[in-house]
Amino acid sequence: MQSDLHEEQKVTSLCGNHVARLVPSSDGPKLLINLEEYALNESCWDVEMFQGRSNSILIFYWKGEVKLSVKMPPMPQIEAFMTRLYQILTSKLRTVQPI
């Protein structure tokens, strides 16, 4: 399965307070959270992802700081977003080298 992102994927949190998007760019996939942009080809991120029967939780860290922490209901759009983000990040884990 190819890990490159070819089209935007969007998810809105349960409360509607946060919007997260995975967007393609010439520099590689980016995660946009509200108005902030994070290049996933950099090694500044950490992620905690939990997918359960009743909820999914996503915590995204940038340079050690929590940038997004949301609890979302099980919906096909959210599951697709979480799966796609996981695929992109695990692909990047193989290519990002420690400093």
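Report follows, based on the coordinates.

1. Thoughts on the packing of aromatic side chains
- Applying the stated criterion across every chain, the model contains three aromatic pairs.
- Ring geometry for Y38 against W62: centres 5.1 Å apart, planes inclined by 55 degrees, an arrangement best described as tilted. Separated by 24 residues along the polypeptide, Y38 in strand 4 (residues 36-39) and W62 in strand 6 (residues 56-62) bring together distant segments of the chain.
- Given a relative accessible area of 4%, Y38 falls into the buried group.
- One aromatic cluster is present, built from ring pairs that chain together Y38, F60 and W62.

Procedures and definitions
- Residues numbered from 1 in each chain as written.
- Predicted model: local features only at pLDDT ≥ 70, side-chain atom pairs only at ≥ 80, totals over all residues.
- Heavy atoms only, no water.
- Phe/Tyr/Trp six-rings, centres within 6.5 Å; stacked < 30°, edge-to-face > 60°.
- Helix = DSSP H or I, 4+ residues; strand = E, 2+ residues; numbered from the N terminus.
- Buried < 20%, exposed > 50% of the residue type's maximum accessible area, 1.4 Å probe, protein only.

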